[in-house]
Amino acid sequence: MANSSEQERKRSRDRELGMHRDITRRDFLNGMVVAAGGALASTWLPGSVAAQTSAAAQDAPGYYPPALSGMRGSHPGAFETAHSVRDGDFWAKAGKPVATGETYDLIVVGGGISGLAAAYFYRQHAGPSANILILDNHDDFGGHAKRNEFRPGGRLLLTNGGTVAIESPFPYSNEARGLITELGIDPPAFEKKYSDNEAYRGLGSGYFFDKETFGVERLVTGAPGGRRGASGGKWGDFLAKTPLSAQAQESIVRIQEGTTDYMKGVPQAEKKARLSRMSYKDFLLNVVKAHPDVIPFYQSRTHGLYGIGIDAVPALDCWAISFPGFQGMELARVPSKGLTFTALGAVTPQADYHFHFPDGNASIARLLVRSLVPGSAPGHTAEDIVTAKMDYSRIDHGDSPVRIRLNSTVVAVHHLGDSASAKEVEVAYARDGKVYSVRGKGTVLACWNMVIPYICPDLPTEQKEALRYGVKVPLVYTVVALRNSNAFSKLGVRGVSCPGMYHSSINLDQAIHIGDYKPPRSPDDPVLVRMLRTPCQPGLPARDQQRAGHYDLLTTSFETFERNIRDQLARVLAAGGFDPARDINAITVNRWPHGYAYEYNPLWDSDWPEGKRPCDIARRRFGLITIANSDAAAAAYTDQAIDQAFRAVRELVERRKATSS
Ligand SMILES: Cc1cc2nc3c(=O)[nH]c(=O)nc-3n(C[C@H](O)[C@H](O)[C@H](O)COP(=O)(O)OP(=O)(O)OC[C@H]3O[C@@H](n4cnc5c(N)ncnc54)[C@H](O)[C@@H]3O)c2cc1C
């Protein structure tokens, strides 16, 4: 009886949330990806999984992955083959590779920014007739640089499915800057020309306190401090409106506004060294002596940048990225030992712009593809790429010397002959239920480090171990298309932090007016909302948190995501009149189990001497096989992905020169 009333309660909640609504997520049906109007062909998959997952051939009419909603990012069909190779059961089920007879000057594994940049640099070196094949396991190119398109009422709305910002903690190298300049991208000039429109002027930020974490459910707006649009009020006044305990409020005021030097008399370098070896959580609890109730309030603040909570991020990094608590500690804002790359960028800012394209760095990937494959997209400027419709039937076409083959997971790479003297490599990939092989005069592996030991078992043992060291950071960028942003306007917020909830933040997407792209202008316009989820497991070492997060993301169904998204938006925006059953038009969950490249963190990693970090060993050339990708720099940034591509191509070209003479 209790069971059936519980079930009825759940059904009724589902109806309120609109779980029955036929939103465009329905192109994700029972685990099957259906391309808009496209024919279906199965990807190679072992056993039972094969029955569940399909993808359209990339030259089928209507094949257009950016318009798909539902589970994107690491979508069904993209990863199962690689996992089967990892688990050692692939070759028992796969047939012998069928030789396509194709031979390329270069084969690139991975069609992210690094792989596309490798093809670009190689073509610069070898000339426009160089034959290049790029293989990628996803149904779209770009790697993390993916774009999500929505067309409510026929109007185009764009956002990034993954990477967004062009700026980096590092100064752009000549090669990386040269590449984006040649593509027509001038971030400082674009910053001036294409800034935010007026749509969200006057909207601030807020915090949502959920009853599961804070005992009471409450949205409190007008948070003071440095958040965009936040009010300049006092913390005490703001906190008095929250359900936080009196002791927690007192501690937070001290953390936010206090000027105590908690390490008085300790020399600057020693202060920094100590802070680099303790987490921000430990700093708050053990050094500031804050009440433990403050932890849920701050816990998820590092999620967006680090993918993990304050329990696993060094206090020194949190100082660098301007977290509170350090006001009285007189720490000089200069580069210091013990800062991760991300924090280093905060004390030595490299760029005075924050421009990004409406679809983030997907525009960089699309510009690269347009440049590499003639006829793949109309136009000729960095502005017109934004609304250009990519023609996927052109990108793996015999007319073009550069071909990009999607839905193709590379399963083996080896030299034909001894690696020291070989003139060719053979690359096998799984696609459409079959395994194929192609030959190349060299290959750049611009895929993820942890994949490489499985597909290239001939590598030296030390290198394979180094390739396995980093554990990529899992994260989810959820995008929800809403009928309008009226609820946000009524509440006076543009962004809400939700420290205890499934997604830790909710934000109206930035409105960037560039080229022919017109973002929403009025609260009545359809709008995109972005939500961030990081499936980290506080209390574990960072790499174990990432591993647990991979598992979490790959075992969570779209239905569970959808229910959580609807529930969260309904609760947070309730006082603004939001109705999830009425107001949600579409949902895309950009799931990235293998997201940011792993960055070394002094809390968890050794202080290796220069040249001995795992990434230094991992990226060594092996015969005609060189290694790119941002993992090769242990730094999750666009410029690093490009720099690694440049190095990998240079190493390959030098090796070929050396063995041809
Ligand atoms: C959600 C998210 C947000 C980010 N935000 C930013 C940002 O704002 N700014 C920034 O600079 N960076 C950001 N990054 C970091 C981003 O990863 C790098 O900047 C860069 O885009 C990485 O490019 P890449 O080509 O090195 O790797 P990827 O983009 O990961 O591309 C590698 C490709 O290789 C494919 N591959 C792997 N194995 C195989 C195989 N066996 N066969 C075929 N293909 C394979 C992968 O599936 C992938 O498509 C973000 C990353 C994520 C996940």
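Just so it is clear, the structure is predicted and the values come from calculations on it, not from any experiment.

J.: I'd like to hear about the pattern of salt bridges, residue by residue, with values.
T.: Counted under the stated rule, the structure contains 40 salt bridges. Asp631 is the salt-bridge partner of Lys472, the closest N and O atoms lying 2.7 Å from each other. Of this pair, Lys472 sits in the loop between helix 19 (461–469) and strand 18 (473–482) while Asp631 sits in the loop between strand 23 (625–627) and helix 25 (638–660), placing them 159 residues apart in sequence. Here Lys472 falls in the buried class, since its relative accessible area comes to 3%. Across the pair Asp583 and Arg582 runs a salt bridge whose closest N-O atoms are separated by 2.8 Å. Among the residues examined, Asp583 registers a relative accessible area of 4% and is labelled buried. Given a relative accessible area of 39%, Arg582 falls into the partly exposed group. Here the salt bridges share partners, and the residues they tie into one network are Arg13, Glu16, Glu212, Glu217, Asp567 and Arg571.

J.: I'd like a description of the sheet that holds strand 17 (residues 443–445), backed by residues and values.
T.: Here we have five strands laid out as an open sheet, ordered 13-8-7-17-23, and parallel in their pairing. Only two strands of the sheet have a single neighbouring strand rather than two, namely strand 13 (402–405) and strand 23. Averaged over all pairs of adjacent strands, the angle between their axes in this sheet comes to 20 degrees, without regard to strand direction. As judged from the three bridges shared by strand 7 (residues 106–109) and strand 17, these two strands associate in the parallel manner. Within strand 17, the residue paired with Val109 across the bridge is Leu445. Along the sheet, helix 5 (residues 113–126) contacts strand 7, strand 8 (132–135), strand 13 and strand 17; its crossing angle with strand 8, the most-contacted strand, is approximately 175 degrees.

J.: Run through unusual backbone geometry, naming residues and quoting values.
T.: Phi is positive for Asn407, which is not a glycine, with a value near 55 degrees. In this structure, Asn407 sits in the loop between strand 13 and strand 14 (409–415). With relative accessibility at 5%, the residue Asn407 sits in the buried group. Here Asn629, not a glycine, exhibits a phi torsion of approximately 85 degrees, which is positive. Locating Asn629 in the fold gives a position in the loop between strand 23 and helix 25. Exposure remark for Asn629: the relative accessible area of 7% places this residue in the buried category.

J.: Describe in detail the site of the ligand, supporting the description with residues and values.
T.: The environment of the ligand is made up of 34 residues, and the closest members are Asp136, Asn137, His144, Trp448 and Thr638. Taking Ala165, its main chain carries an N or O atom lying 2.8 Å from an oxygen atom of the ligand. Within the backbone of Ala636, an N or O atom sits 3.1 Å from a nitrogen atom of the ligand. Of all the secondary structure elements, the ones that give two or more residues to the shell around the ligand are helix 5, strand 14, strand 18, strand 22 (584–596) and helix 25. A total of three residues in the shell around the ligand trace back to one element, the largest contributor, which is strand 22. Broken down by class, the residue content of the shell around the ligand amounts to 17 nonpolar, 16 polar and one charged.

Calculation rules
Residues numbered from 1 in each chain as written. Predicted model: local features only at pLDDT ≥ 70, side-chain atom pairs only at ≥ 80, totals over all residues. Heavy atoms only, no water. Salt bridge = Lys/Arg side-chain N within 4 Å of Asp/Glu carboxyl O. Helix = DSSP H or I, 4+ residues; strand = E, 2+ residues; numbered from the N terminus. Buried < 20%, exposed > 50% of the residue type's maximum accessible area, 1.4 Å probe, protein only. Pairing = 2+ DSSP bridges. Axes fitted to C-alpha atoms, helices over the stretch in contact; angles between N-to-C directions. Contact = heavy atoms within 4.5 Å. Near = heavy atom within 4 Å. Polar contact = N/O pair within 3.5 Å; in protein donor to acceptor, adjacent residues only side chain to side chain. Nonpolar A, V, L, I, M, F, W, Y, C, P; charged D, E, K, R; others polar.

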